[in-house]
Amino acid sequence: LTGAVVDLSGLDAFHPRIGLGEVRTISRELSINTATREIVLQNNQLVLEAAEALSEGLLASRTLSILRIGSNRIGDDGAVAISKALPKNRSLTTLSLDCNEIGEIGARALAEALSPGRNSTLRVLKFGLNQIGNLGAEALFAALTNNTTLQELDLQGNNLTHVCMPAISNFLARNPILTTLCLSCNNFGPRGMDLFADALAHNSSLTDLIMNDCGLGNDGASLLARGLARNGGIRRLVLRFNTIGQQGARALLEAIAITNTSLVECDLERQGVPDLAPERFQAITPELSDQIKAALSQEARTARAQRKARGAH
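Because the structure is a prediction, the values reported are computed rather than measured. (Residues numbered from 1 in each chain as written. Predicted model: local features only at pLDDT ≥ 70, side-chain atom pairs only at ≥ 80, totals over all residues. Heavy atoms only, no water.)

## As for the nonpolar core
- In this structure, Phe 127, Phe 196 and Met 211 are the most contacted members of the largest nonpolar core, which totals 83 residues.
- Ignoring sequence-local partners within four residues, the contact set of Phe 127 consists of Leu 97, Asp 98, Ile 102, Ala 107, Leu 110, Ile 132, Leu 140, Asp 154, Leu 155 and Asn 158. (Core = buried A, V, L, I, M, F, W, Y, C linked by side-chain atoms within 4.5 Å. Buried < 20%, exposed > 50% of the residue type's maximum accessible area, 1.4 Å probe, protein only. Contact = heavy atoms within 4.5 Å.)

## Section: the sheet that holds strand 3 (residues 66-68)
- An order of 1-2-3-4-5-6-7-8-9-10 is seen for the ten strands of this open sheet, with the pairing classed as parallel. Lying at the two open borders of the sheet, with one neighbouring strand each, are strand 1 (5-7) and strand 10 (265-267). The mean angle between the axes of side-by-side strands here comes to 5°, regardless of whether they run parallel or antiparallel.
- Sheet analysis places strand 8 (residues 208-210) next to strand 9 (residues 236-238), joined by three bridges and oriented parallel. Bridge pairing links Leu 209 to Leu 237 in strand 9. (Pairing = 2+ DSSP bridges. Helix = DSSP H or I, 4+ residues; strand = E, 2+ residues; numbered from the N terminus. Axes fitted to C-alpha atoms, helices over the stretch in contact; angles between N-to-C directions.)

## Some words on the environment of Asn 231
- The topology assignment puts Asn 231 in the loop between helix 8 (217-229) and strand 9.
- When the C-alpha positions of Asn 231 and Asp 198 are compared, they lie 9.6 Å apart, and in sequence the two are 33 residues distant.
- When residues no more than four places from it in sequence are discounted, the contact partners of Asn 231 are Leu 200, Asn 203, Asn 260 and Ser 262.
- Looking at Asn 231, its side chain comes within polar contact range of the main-chain nitrogen of Gly 233, at 2.8 Å. (Polar contact = N/O pair within 3.5 Å; in protein donor to acceptor, adjacent residues only side chain to side chain.)

## What about helix 2 (residues 48-60)?
- For helix 2, which comprises 13 residues, the first-to-last C-alpha distance of 19 Å matches the rise-based estimate of 18 Å (1.5 Å per residue) to within 8%.
- Listing the buried residues of helix 2 in full gives Ala 50, Ala 51, Ala 53, Leu 54, Ser 55, Gly 57 and Leu 58.
- Next to the buried residues of helix 2 lie helix 1 (20-29), strand 3 and helix 3 (75-85). (Expected span 1.5 Å × (residues − 1).)

Read these as spatial facts, not as claims about activity.
Below you can see the structure in the form of structure tokens.
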């Protein structure tokens with residue numbers, strides 16, 4: 001290993017750059033290497049044995065801070081192997097396990113490894129495009145509720161539905177540290193968004209919320225707006241591909257224009273018209289879009305902040 005960053009990503013899923021032998025060599029070198037801070041092994045068709053080797057390397061490493069092994073095939077057993085090293089590792093801050101065919105079992109292992117008192121260094125977890133489902137998500141959010149280290153969590157595309165929204169909401173209401181949450185490409189729909197909105201009202205750490213393609217619609221957006229109106233920390237809200245029409249967009253506008261002084265980006269692009277029940281959907285007009293952009297301007301935020309300050313006296 002030479003250099004601060006070692007990138008051995010495959011060109012694509014059909015052209016891996018390294019195999020198990022090279023991974024084992026990397027793992028052995030981690031015990032003596034003090035220069036390399038980041039290792040990228042994406043797109044290499046790595047499976048369980050490679051994950052086990054990397055786990056041994058994490059146990060020995062004292063300086064590696066970023067490990068990216070997305071787009072491989074380590075599966076549940078591989079996630080379990082990596083998780084075993086996390087409570088004893090004291091250097092890793094970013095772990096990317098996205099797109100690795102990991103299910104509920106792997107999520108539960110990771111949850112146990114990140115529960116309070118087990119790991120005190122991991123700040124970023126990329127866990128999207130797996131198959132953890134509602135039960136895996138519930139275990140993960142329960143374990144992270146009192147975690148005081150993790151700041152960024154990506155669970156996009158994990159077959160989540162409204163069933164796990166109570167667990168997510170409980171986490172948001174109680175966790176004191178997470179700043180970025182990505183839940184895109186999960187079929188939540190509007191159900192459960194009332195709990196989510198109430199949780200936002202009690203959350204003081206979240207700054208970035210990304211929920212593209214979650215089937216929110218007008219009803220979900222309106223409920224989300226209710227939480228946004230009582231949240232003073234979110235600065236970036238991304239809601240693309242949610243079939244949000246004028247009703248939902250206007251609810252968001254009112255939440256921004258009346259009370260929220262922190263939001264600087266509200267991305268509602270590419271809502272599209274659903275194939276079913278189009279009469280329930282009215283596309284966001286350019287005028288309404290302009291109103292939202294105007295409400296997000298620095299001048300508007302300053303004026304709202306001044307009004308809130310005067311009202312507090």
